[in-house]
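# An overview of the molecular structure
Spelled out from the first residue to the last, the chains are:
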Number of protein chains: 2
Amino acid sequence: MSLASEIGEQPAVAARLLGPGRAAIEAITERIGPLLRDRSVDNVVIAARGSSDHAAIYAQYLFGARLRLPVALATPSLISIYGVEPRLDRSLVVGISQSGRSPDIVGVIAAARRQGAPTIALTNDPTSDLAAAAGDAIDLAAGPEVAVAATKTYTAELLAIALLAIALERHVPLDGPAPDPEPDLASLPAALAAALATEPEAEAVARFLSAGQRDRLIVVGRGYEYATAREIALKLKELARVAADPYSAADFLHGPLALAEPGHPILVLAPSGAAAADVDELLGRLGEVGVERIVVSDREEAVRLGAVGIRLPAVADWLMPIVSIVPGQLLARHLAIARGLDPEAPRWIGKVTLTR
Amino acid sequence: MSLASEIGEQPAVAARLLGPGRAAIEAITERIGPLLRDRSVDNVVIAARGSSDHAAIYAQYLFGARLRLPVALATPSLISIYGVEPRLDRSLVVGISQSGRSPDIVGVIAAARRQGAPTIALTNDPTSDLAAAAGDAIDLAAGPEVAVAATKTYTAELLAIALLAIALERHVPLDGPAPDPEPDLASLPAALAAALATEPEAEAVARFLSAGQRDRLIVVGRGYEYATAREIALKLKELARVAADPYSAADFLHGPLALAEPGHPILVLAPSGAAAADVDELLGRLGEVGVERIVVSDREEAVRLGAVGIRLPAVADWLMPIVSIVPGQLLARHLAIARGLDPEAPRWIGKVTLTR
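Residues numbered from 1 in each chain as written. Chains lettered and ligands numbered in written order. Predicted model: local features only at pLDDT ≥ 70, side-chain atom pairs only at ≥ 80, totals over all residues. Heavy atoms only, no water.

## Quick notes on the interface of chain B and chain A
To keep things clear, this is the line we draw: Note on contacts: a residue pair qualifies if any of its non-hydrogen atoms lie within 4.5 Å across the two residues. What counts as buried area is the accessible surface, traced by a 1.4 Å probe, that two parts surrender upon association, with contributions from both included. Whenever a carboxyl oxygen of Asp or Glu lies within 4 Å of a side-chain nitrogen of Lys or Arg, that contact is scored as a salt bridge. Whenever two N or O atoms come within 3.5 Å, that pair is a polar contact, provided that in protein one can donate a hydrogen and the other can accept it, and provided that, for residues adjacent in sequence, both atoms are side-chain atoms. Secondary structure elements are taken from DSSP: a helix is a run of H or I of four residues or more, a strand is a run of E of two residues or more, and numbering for both begins at the N terminus.
Of the residues lining the interface, 77 residues belong to chain B; the matching set on chain A comes to 77 residues. Regarding the contact of chain B and chain A, the summed buried area is about 6,600 Å², with carbon and sulfur atoms giving 52% of it. Interface area lost by chain B to chain A is led by B:Arg68, B:Arg87 and B:His254, which between them contribute 12%. Linking chain B with chain A are 10 salt bridges. When the shortest N-O distance is used, the salt bridge between B:Lys237 and A:Asp245 registers 2.9 Å. Inspection of the chain B/chain A interface yields 22 residue pairs in polar contact (both at pLDDT 80 or more). Those elements that provide at least two residues to the side of chain B that touches chain A are β1 (43-48), α3 (51-67), β2 (71-73), α4 (77-80), α11 (225-240), β7 (243-248), α12 (249-253) and α13 (276-289) of chain B.

This is how it looks when you write it as structure tokens:
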């Protein structure tokens, strides 16, 4: 039962990062912040795979919104397959990996460091190759993660990224005063506990999907929640073998909307925040087409639009992805069980994937 | 029958871009090349949606491999929803859009130009908002595209990107002499004509999928061919309503491999080139698992591994995505017909999608 217990540990993991973990992150930004201020570094490159790649997508939005930095997701095969190193000496280069062991991710960080770029490893193993290759390493300190599917290390990666952004913010000149992030951060462990309490609702969604023999699902989010859409879809594939297809709400309208039909349900992440109006418009359009909507939101009126839904606790939109993924993890686990699969042991894949 | 005829026009569209279109692209790089040389511009940001986003992925690999530039795909909602402009004044900012009309893409280009960044629009409508917003515009000159699904404008976007990279290469100091791209480019129109001649094989793959009632498909490519995997999957969704799920071969191993099983076929793009060894390894692993493989390759021994397959003409790997998408377009059209759908009129979507 390691998956269930690791999902349950997430409030404690977050509290640990917010407490003792935070000072280490702030120390790193004392060195990197001045490089952003004088613009000797003017963009960010992130190398990651799988769930960690979804943490990178969160960083893309958060570093854009809070630090005005363009963020590129690295294409590690440029180095590992085509043998060409992009010029990274004006980039902050971040490698994200639970195990810290995938050679292609280590390769990007090693190349960037050779070129003189500031490099940060985000990993749950501070003794890993990735941590050794980087100039600085942030230890997720999530404790051993035994289940094949990443859960507590994913939310720890998101929170470490949020803390990194907040700490860097103090070094980067802004147009006006930034809103105080502390009340938002302080609310996180309780919000994670509340998200765990959605388990009966997640189980009801799992029953809805398994009763209808629905093995295709579209997952849609926008802005910050695009990362959540991607990560929920991956959990559903790994654990429940559902062909779950994630989109940003905008990209979904550029073609894949043609898939929408009764019997091909769509899970929509629709929390409060700047993206809510846009997502509500999509919810309306899907309703006209007769698609079964599964709505995940802190807004009662949005949840009520769905055939089934999950009520999120209220959290600031920039931190919501740390919370909104939790019912997705619970859904994937319960759907696996409902479909007669063992959520502890997805077939073909191991805990550590080494790609070049 | 506009879709079929537009697919068939692709050799002529490419010949036009290689001829009269090329001088205009070279003129633009006379202004932008020096900014790359002195590194007042040191990264690229590309804004695009749908098929054009897949052209942006091609650019990510090509500009990385030939120009050593980090390339970020823009997150337009940062500007349109969160109201924050990333600092783009040290970026070359490119907007790609067939129609040139989507407000979120125009918004990124307008913001970048206000900040003083060099901006380029790639569009099939030189009178569009996007062309007007950008400092420079490249006219794809593909002629009117009437079918909802983009085909000739997609390959024109790829070729324009290739010509842009080649022209910029002359301005960027390299470690050694670059291999002459001209013979590779000169072979393109004939290779596109040869790709059109794969229609009977594409039709056989469509029969294989429709006979088995297979409405789920995984599409895998690596490196340059990741863009093709994404674009084939989108065509299959738009036209044939197949739940087609695209991956890079490396990301596929980080979780989604759990989906692999008999009855859930996998189309693998496996052309010659630097990525071939890696893709062959995946083909072997899929064979052990008993998955039906559909192989698209110029290598006879790779095609023979598949239950069905498509033989590509031989083309240099950096230009192969312009060619390898063509059988994918033909497959999507024939699969739509085999499934009783009208490939000229996908439901719910129009030719121009306006997202904010």
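## With respect to the pairing of strand β8 (residues 266-269) of chain B
All names here are of chain B. Condition: Type-normalised accessible area, obtained with a 1.4 Å probe on protein chains alone, sets the label of each residue: buried when under 20%, exposed when over 50%, and partly exposed for intermediate values. Pairing between strands is defined by DSSP: at least two bridges between the two strands are required.
Alternating residues of β8 divide into Ile266 and Val268 and Leu267 and Leu269, and every residue in both groups is buried. The sheet contact formed by strand β6 (residues 216-221) and β8 spans 3 bridges and is parallel. For Val219, the partnering residue across the bridge sits in β8 and is Leu267. Summarising the sheet, β8 and strand β9 (residues 293-297) pair through 4 bridges and their orientation is parallel. Looking across to β9, one finds that Val268 is bridged to Val295.

## Comments concerning the sheet that holds β8(B)
Residues and elements named next belong to chain B. Selection criterion: A fitted line through C-alpha atoms represents every axis, and for helices the fit uses only the stretch in contact; the resulting angles, taken between N-to-C directions, go from 0 to 180 degrees.
Judged by pairing direction, the sheet is parallel, and its 5 strands sit side by side in the order β7-β6-β8-β9-β10 without closing on themselves. Edge positions in the sheet fall to β7 and β10 (308-311), since each of these pairs with one other strand and no more. The sheet shows a mean angle of 15° between the axes of neighbouring strands, taken without regard to direction. Packing of helix α10 (residues 199-211) onto the sheet brings it into contact with β6, β9 and β10, and relative to β10 it is tilted by some 160°.

## Focus on the packing of aromatic side chains
Operational definition: Side-chain rings of Phe, Tyr and Trp (the six-membered ring for Trp) are treated as a pair once their centres are within 6.5 Å; stacked means planes under 30 degrees apart, edge-to-face means over 60, and tilted covers the remaining angles. In our convention, an over-ring charge means Lys NZ or Arg CZ found within 6 Å of a ring centre and within 35 degrees of that ring's normal.
In total, this model carries 6 aromatic pairs over all chains according to the counting rule given. For the ring pair A:Tyr247 and A:Phe252, a centre distance of 5.4 Å and an interplane angle of 50° mean the geometry is tilted. You can call A:Phe252 buried: its relative accessible area is 0%. Relative to B:Tyr224, the ring of B:Tyr58 has its centre 6.4 Å away and its plane inclined at 55°; by these criteria the two rings are tilted. Taken as a pair, B:Tyr58 in helix α3 and B:Tyr224 in the loop between β6 and α11 lie far apart in primary sequence, 166 residues in all. Each member of the pair, B:Tyr58 together with B:Tyr224, is buried. Taken together through their ring pairs, the aromatic side chains of A:Tyr58, A:Tyr224 and B:Tyr82 make up a single cluster. Positioned above the aromatic ring of B:Trp318 is the side chain of B:Arg66, whose terminal nitrogen or guanidinium carbon lies 4.3 Å from the ring centre.

## A closer look at the confidence of the model for chain A
For clarity, the threshold we go by: Scored from 0 to 100, pLDDT records how confident the predictor is in each individual residue.
In this model, chain A carries a mean pLDDT of 94, and residues with pLDDT of at least 70 account for 99%. Two summary scores accompany this predicted model of the complex, namely pTM at 0.95 and ipTM at 0.93.

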